[in-house]
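Chain and residue survey
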2 protein chains.
Amino acid sequence: MPRVSQDQLEARREEILTAARACFARYGYEGATVRRLEEATGLSRGAIFHHFRDKDSLFLAVAEDDAAEMVETVARNGLVQVMRDLLTRATDPDAAGWLGTQLEVSRRVRTDPGFAERWVQRTSAIESATAERLKRQRDAGVLRDDVPLEALMRFLELAYDGLVLHLAMGRPAGDLGPVLDLVEETVRKR
Amino acid sequence: MPRVSQDQLEARREEILTAARACFARYGYEGATVRRLEEATGLSRGAIFHHFRDKDSLFLAVAEDDAAEMVETVARNGLVQVMRDLLTRATDPDAAGWLGTQLEVSRRVRTDPGFAERWVQRTSAIESATAERLKRQRDAGVLRDDVPLEALMRFLELAYDGLVLHLAMGRPAGDLGPVLDLVEETVRKR
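Rules used in this analysis
Residues numbered from 1 in each chain as written. Chains lettered and ligands numbered in written order. Predicted model: local features only at pLDDT ≥ 70, side-chain atom pairs only at ≥ 80, totals over all residues. Heavy atoms only, no water. Helix = DSSP H or I, 4+ residues; strand = E, 2+ residues; numbered from the N terminus. Buried < 20%, exposed > 50% of the residue type's maximum accessible area, 1.4 Å probe, protein only. Contact = heavy atoms within 4.5 Å. Areas by Shrake-Rupley, 256 points an atom, 1.4 Å probe, with all protein chains shown as cover. Lys, Arg positive; Asp, Glu negative; His and termini not counted. Charge placed at Lys NZ, Arg CZ, Asp CG, Glu CD. Salt bridge = Lys/Arg side-chain N within 4 Å of Asp/Glu carboxyl O. Least-squares fit on C-alpha atoms with pLDDT ≥ 70 in both. pLDDT = per-residue confidence, 0-100. Expected span 1.5 Å × (residues − 1). Axes fitted to C-alpha atoms, helices over the stretch in contact; angles between N-to-C directions. Parallel < 35°, antiparallel > 145°, perpendicular 65-115°, else oblique. Nonpolar A, V, L, I, M, F, W, Y, C, P; charged D, E, K, R; others polar.

**Focus: the overall build of chain A**
- Within chain A one finds nine helices and zero strands.
- If you list the helices and strands of chain A from N to C, you get α-α-α-α-α-α-α-α-α.
- Projected onto its principal axes, the C-alpha positions of chain A cover 60 × 40 × 30 Å.
- A total of 190 residues make up chain A; the buried ones form 49% of that total.
- Here the analysis covers contacts within chain A between residues at least 6 apart in sequence; of these, 71% occur between residues at least 24 apart.
- Accessible surface computed for chain A: about 9200 Å², of which carbon and sulfur atoms make up 50%.
- Separation of charge centres in chain A, based on 28 positive and 32 negative side chains, amounts to 1 Å.

Have a look at this one:
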């Protein structure tokens, strides 16, 4: 297959993912019918399912894409920065889509044991990235050392989950800047 | 109407709410069909909708019931205690039902503007109870005073939302005790 065609396939795949993310976020997994996915992507079901086996695979691909991006940011800048980025982008429709996907994932994890099992692998990558960054920071003397690293990590994850739920429910992002300062201060060495 | 009959009506209403809570938590709002609600309650749809106008009213009644209980606990013991109680009860099926309802509420707030409007009133009662308790604690010299009360309140709410999402996704509760200690320490005077 010539190179340009592979690039085109990849670009088309990305387009579908972006449109599907918005559709899942807006209607939920069940509500995002194949007809609505066709409207959102501007493609026929045949074209969509040429790239993704079925709706479930499409949803997992959206969620995996999001998780991969998050692993990268966590490794580079840490979970607090991921949260600050979320705040800045809270009014951006793409971010709203991303948040909706997160909540849809949480709902399917709760109601669909098969999905839950497959999802565990993805979250463990985010957890590893967070743990490794925290270890580096502790070695650099940036983190407080009177509390086990594990507790600091769970604390950051709790704040992150809280932020996701807060924003996904459409509550205002404006007053959360000082709250993230508190979160950061809690894990840092005094 | 004789007194005993009123008591019986109230008891029946409570039974329906308990069974419906579990059903909504397990299947989600859309998935909790009238047939499943009949199975869960052991009552006919006629009997159920004698007490609640329709499925939407039943769902709101479940969520309101939960919110009222939470307002009471927050006023008495504070939001950190609500979180500690949640941890203790995490393996209790009733608590799992309650958590599921919270996530269903968050999903409907996001996807149903009519529901979102009605829901704002309920959350504002929880917020008032939290704010009043924090004011009393600050006056008693228990809270740190280098950060606005508003930020402390939003911080506690963030942790609470995070805990709800964590537990509702079925993630382990066991390692969160030290995390709640960190949350409490962050808002207290050193």
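**Looking at the pattern of salt bridges**
- According to the stated counting rule, one finds 34 salt bridges over all chains in the structure shown.
- A salt bridge links Arg21(B) to Asp65(B), with the shortest nitrogen-to-oxygen separation between them at 3.6 Å. Here Arg21(B), found in helix 1 (residues 3–31), pairs with Asp65(B), found in helix 4 (residues 55–77); they are 44 residues apart in sequence, far enough to count as distant.
- Look at Asp65(B) and you get partly exposed, because its relative accessible area is 28%.
- Ionic contacts of the salt-bridge type, sharing partners, join the residues Glu127(A), Glu150(A), Arg154(A), Glu157(A) and Asp175(B) into one network.

**Section: the relation of the copies chain B and chain A**
- The two copies are related by a screw motion: chain B maps onto chain A through a turn of 180° and a shift of 0.0 Å along the axis, at an RMSD of 0.0 Å. In short, the pair behaves as if placed about a two-fold rotation axis. Taking C-alpha positions as reference, the residue of chain B nearest the rotation axis is Gly162(B), located at 1.7 Å.
- In this assembly the copies share their binding face: 100% of the residues contributing to the interface of chain B also contribute to that of chain A.

**Comments concerning the confidence of the model for chain A**
Residues and elements named next belong to chain A.
- The predicted model of chain A has a mean per-residue pLDDT of 85, with 94% of residues at 70 or higher.
- Model confidence for chain A, summarised as mean pLDDT per element, is weakest for helix 6 (residues 93–111) at 72 and strongest for helix 2 (residues 34–41) at 96.
- Predicted complex metrics record ipTM = 0.79 and pTM = 0.80.

**Description of helix 8 (residues 149–168) of chain A**
Residues and elements named next belong to chain A.
- The end-to-end C-alpha distance of helix 8, which contains 20 residues, comes to 29 Å, matching closely the 28 Å that a straight helix rising 1.5 Å per residue would cover.
- Counting buried positions along helix 8 yields 19 of 20 residues, so the element is predominantly enclosed.
- One or two positions beyond helix 8, positive phi appears at Gly170, with a value near 75°.

**A word on the packing of helix 8 of chain A against helix 9 (residues 177–187) of chain B**
- Direction vectors running N to C along helix 8 of chain A and helix 9 of chain B enclose 70°, while the axes themselves pass 9 Å from each other. As the angle between them shows, helix 8 of chain A and helix 9 of chain B are arranged roughly perpendicular. Contacts from Ala151(A), Leu152(A), Arg154(A), Phe155(A) and Leu158(A) of helix 8 of chain A reach helix 9 of chain B at Pro178(B), Val179(B), Leu180(B), Leu182(B) and Val183(B).
- Across the contact of helix 8 of chain A with helix 9 of chain B, the residue classes tally to nine nonpolar, no polar and one charged.

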